[in-house]
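# Coordinate analysis (summary)
One letter stands for each residue in the lines below.
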Number of protein chains: 2
Amino acid sequence: MSGTLYAIGTGPGAADLITVRGARILGILDILYAPAGRKGGDSLSLGIVSEYLSHRVEIKSRHFPMSLNEAEKNAAWDTVAEEMAADAASGKRVGFITLGDAMLYSTWVFLLARLQHRVAIEIIPGVTSFACIAARAQVPLAMENQSLAVMACTDNDEALEQALLTHDCVVLMKVYGRFARIQALLRRLDLLDHALLMADASLPQEQCFRALGDMAVDRVLPYFSTVLVNKRWPAQSA
Amino acid sequence: MSGTLYAIGTGPGAADLITVRGARILGILDILYAPAGRKGGDSLSLGIVSEYLSHRVEIKSRHFPMSLNEAEKNAAWDTVAEEMAADAASGKRVGFITLGDAMLYSTWVFLLARLQHRVAIEIIPGVTSFACIAARAQVPLAMENQSLAVMACTDNDEALEQALLTHDCVVLMKVYGRFARIQALLRRLDLLDHALLMADASLPQEQCFRALGDMAVDRVLPYFSTVLVNKRWPAQSA
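Along each chain, the written sequence defines residue order, and numbers are assigned to residues from 1. Chains carry letters from A onward and ligands carry numbers from 1 onward, assigned in written order. Where local features are concerned, this predicted model is filtered to residues with pLDDT of at least 70; where side-chain atom pairs are given and counted, the filter is 80 or more; whole-chain, interface and lining totals use all residues. Note that water and hydrogens are dropped before the side-chain values are worked out from all heavy atoms of the structure.

## With respect to the domain arrangement of chain A
All names here are of chain A. Each domain's limits were defined by an automated method or a database of domain assignments. Each domain of chain A was delimited in the assignment, giving domain 1 (4-124) and domain 2 (129-237). For domain 1 versus domain 2, the separation of C-alpha centres amounts to 28 Å. We call two residues in contact when some of their heavy atoms are within 4.5 Å. With 13 residues of domain 1 at the interface, the matching set in domain 2 holds 14 residues. Here domain 1 packs against domain 2, burying approximately 950 Å² in sum over the two surfaces, 74% of which is carbon and sulfur. We call two N or O atoms a polar contact when they sit within 3.5 Å, provided that within protein one can donate a hydrogen and the other can accept it, with sequence-adjacent residues counted only if both atoms are side-chain atoms. Here domain 1 is connected to domain 2 by 2 residue pairs in polar contact (both at pLDDT 80 or more). In this count, Pro and Cys sit with the nonpolar residues alongside Ala, Val, Leu, Ile, Met, Phe, Trp and Tyr, while Asp, Glu, Lys and Arg are called charged and the others, Gly among them, polar. Of the residues belonging to the side of domain 1 that touches domain 2, the class tally is 8 nonpolar, 3 polar and 2 charged. The term buried area means the drop in 1.4 Å probe accessible area that two parts suffer when joined, counted for both and summed.

Put into structure tokens, the structure is as follows:
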């Protein structure tokens, strides 16, 4: 008897932006692994899914360190992967939840790399934060022959600049703590009129800023802040 | 009295990969506009949503020409936009459905451009085809500092090559009718071992090809075919 491991993208934040399939699978789980320890992220993902869980599910909150110490991170992922494999091997329906989509900038991929050929795995895709931001701001991502680049602001300035010069639309993820750098880059490339910043998209405290040039460089932003640039669509007019 | 226009991303194809919110809004619509006339696309989007519609909804299938004649396309969009505006102005809850996400390579954006400041609009994001493909193929999109480019194969070879050289992960949309060109490009860049092609992801007839170098150049592929390249993850091993 062998169970299945389900990795479920919860979508960007609002509970009803999960997929119908994701909601249904949450309701049949025996065990749910939930990430804890990311700033603001632990309670958020569990909060999104709580209404869909059965009353008999066992919740296992597990800490995934964000440190730069690779050995520490690898040890944490190894431990959780082994736990999950053992639970699945005992015939349990095991879930893991991840904000947004499961395959984009997600801790899940480190678990997948450890479990891919050992356990039956089903991955349920989710709505990405940037799709939600485009919808909420009413600014499109890419059309016709246009292209979209999705970048992490942890990448170097050269890569971000190259993407902004090359692509019609650019999503800058992980802006938190890096806004001054991004603002300067957008100003230098004369893209401030085509950029917007959204924080906590789809949540009650959602904020959208369209005049990024006017924002103080030391402005403290929420953890989930993303910049969307569309050179073919003036962000200010929306 | 004024109604609302809802643009709903249906997700990649399986009916239960729509969001919970999208499914709920479909159930309260008075009128649903559905695109018709795209190869394989008309019945598909309407098929996805049919189980969520109320019995009293009025379905208005409208043709959106794919021709290269801009005047013809503009006239078609103008006509549908005016119809939608009139329906919303009469207090109706009006829906428009679009495969995948509503803001990425979607006809919806042409309607949005015409209606944005005239009608109350709510856009419901959806799971993109490429998030679904990554999930089904168990190949990630981007992690940590990595970047993702989403390209249309209607773009020129130079742009596609630049994206493949620059980004860790590249999604090539609109492969239909252009496979020979993409295969040659991937071979020249020595990326065949990191590429896969998926057609009709999440549908019963889903197909996944991982040995793209072995496929006949004149192979006839389904209309919804997408190539996923991840240079940091060998597609063949998944």
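## Observations regarding the interface of chain A and chain B
Facing 54 residues of chain A, the contacting portion of chain B comprises 54 residues. When chain A packs against chain B, close to 4600 Å² is buried across both sides, 61% of that on carbon and sulfur atoms. We define a salt bridge as a side-chain nitrogen of Lys or Arg found within 4 Å of a carboxyl oxygen belonging to Asp or Glu. At the boundary of chain A and chain B, one finds 6 salt bridges. Between Arg24(B) and Asp16(A) there is a salt bridge, with its nearest N and O atoms 3.6 Å apart. The tally of links between chain A and chain B comes to 23 residue pairs in polar contact (both at pLDDT 80 or more). Elements are defined by DSSP. Helices are runs of H or I of four residues or more, strands are runs of E of two residues or more, and each kind is numbered from the N terminus. When contributions to the side of chain A that touches chain B are tallied by element, the ones reaching two or more residues are α1 (20-26), α4 (108-115), β5 (120-124), α5 (129-137) and β6 (148-152) of chain A. Residue composition of the side of chain A that touches chain B, by class: 35 nonpolar, 11 polar and 8 charged. A pair of strands is labelled paired if DSSP reports no fewer than 2 bridges between them. With 3 bridges joining them, β6(A) and strand β6 (residues 148-152) of chain B adopt antiparallel strand pairing. Paired with Leu148(A) across the bridge in β6(B) is Val150(B).

## Brief notes about the relation of the copies chain A and chain B
Once turned by 180 degrees and shifted 0.0 Å along the axis, chain A lies on chain B with an RMSD of 0.0 Å. Viewed as a symmetry operation, the transformation between the two copies matches a two-fold axis. When you check the interface residues of chain A against chain B, 100% turn up at the interface there too, and the contact is symmetric in its surfaces. A least-squares fit on C-alpha atoms brings the copies together, and the residues used are those whose pLDDT is at least 70 in both copies.

## Focus on the pairing of strand β4 (residues 93-98) of chain B
Looking along a regular strand, one sees side chains alternate from face to face of the sheet. All names here are of chain B. Whether a residue is buried, partly exposed or exposed follows from its accessible area with a 1.4 Å probe, protein chains only, as a fraction of its type maximum: under 20%, in between, or over 50%, in that order. Burial analysis of β4 places 5 of its 6 residues in the buried class, which makes it a mostly covered element. Where strand β1 (residues 4-9) lies against β4, 6 bridges are found, and the strand directions are parallel. Across the sheet, residue Gly9 finds its bridge partner in β4, namely Thr98. Here strand β2 (residues 31-36) pairs with β4 via 3 bridges, running parallel. Each bridged residue has a counterpart across the sheet, and for Leu32 the counterpart in β4 is Gly95.

## Quick notes on the packing of helix α6 (residues 157-166) of chain A against helix α7 (residues 179-188) of chain A
All names here are of chain A. In this analysis, axes come from line fits to C-alpha atoms, helices being fitted only over the stretch in contact, and the angle between any two N-to-C directions falls in the range 0 to 180 degrees. Here α6 crosses α7 at 40 degrees, and the two axes come no closer than 11 Å. As the angle between them shows, α6 and α7 are arranged oblique. Handedness of the crossing formed by α6 with α7: right-handed. Contacts between α6 and α7 involve Asp157, Leu160, Glu161 and Leu164 from the first element and Arg181, Ile182, Leu185, Leu186 and Arg188 from the second. When describing relative orientation, an angle under 35 degrees is termed roughly parallel and one over 145 degrees roughly antiparallel, while 65 to 115 degrees is termed roughly perpendicular and anything else oblique. By convention, the crossing between two helices is left-handed when the near helix turns anticlockwise from the far helix through less than a right angle, and right-handed when the turn is clockwise.

## Digging into the side chain of Thr98(A)
All names here are of chain A. Within the secondary structure layout, Thr98 lies in strand β4 (residues 93-98). On the basis of relative accessibility, which here comes to 7%, the residue Thr98 falls in the buried class. Reaching out from Thr98, the side chain makes a polar contact with the side chain of Ser106 at a distance of 2.8 Å. Apart from residues no more than four positions distant in its own chain, Thr98 is found in contact with Ile8, Gly9, Thr10, Ser106 and Trp108.

## Digging into the sheet that holds strand β2 (residues 31-36) of chain A
Consider a sheet: its strands pair through backbone hydrogen bonds, and that pairing is either parallel or antiparallel. All names here are of chain A. With parallel pairing, the 5 strands of this open sheet are ordered in space as β3-β2-β4-β1-β5. With partners counted over all chains shown, the strands left at the sheet margins are β3 (58-63) and β5, one partner each. Put simply, the sheet's adjacent strands are angled 20 degrees from each other on average, direction ignored. Where β2 meets β3, 6 bridges bridge the pair, whose relative direction is parallel. Its bridge partner being in β3, Tyr33 is matched across the sheet by Lys60. Strand contacts of α4: β1 (4-9), β4 and β5, with the helix running at about 155 degrees to β5, the strand carrying the most contacts.

## As for the environment of Asp157(B)
Locating Asp157(B) in the fold gives a position in helix α6 (residues 157-166). Of note is the side chain of Asp157(B), whose polar atom sits 2.5 Å from the side chain of Arg181(B).

## Considering the packing of helix α3 (residues 70-89) of chain A against α4(A)
Residues and elements named next belong to chain A. In the contact formed by α3 and α4, the axes pass within 9 Å of each other and the chain directions differ by 60 degrees. As the angle between them shows, α3 and α4 are arranged oblique. Note that α3 runs across α4; the crossing there is right-handed. Contacts between α3 and α4 involve Asn74, Trp77, Asp78, Val80, Ala81, Met84 and Ala85 from the former and Phe110, Leu111, Arg114 and Leu115 from the latter. Grouping the constituent residues of the contact of α3 with α4 by class yields 8 nonpolar, 1 polar and 2 charged.

## So, helix α5 (residues 129-137) of chain B
Quick reminder: α-helices carry 3.6 residues per turn. Residues three or four places apart thus point the same way. With 7 of 9 residues buried, α5(B) is to be regarded as a mostly interior element. Among the residues trailing α5(B), Gln138(B) stands out with phi positive, at a value near 55 degrees.

## Here's the deal with the pairing of strand β10 (residues 225-230) of chain B
Residues and elements named next belong to chain B. With 6 of its 6 residues buried, β10 lies for the most part within the structure. The side-chain alternation of β10 yields two buried faces, one formed by Ser225, Val227 and Val229 and the other by Thr226, Leu228 and Asn230. For strand β7 (residues 169-173) and β10, the ladder comprises 4 bridges, and the chain directions are antiparallel. Each residue of the ladder has a partner; that of Cys169, found in β10, is Asn230. Judged from the 5 bridges that link them, strand β8 (residues 195-199) and β10 form a sheet pairing that is antiparallel. Along β10, the bridge assignment pairs Leu197 with Val227.

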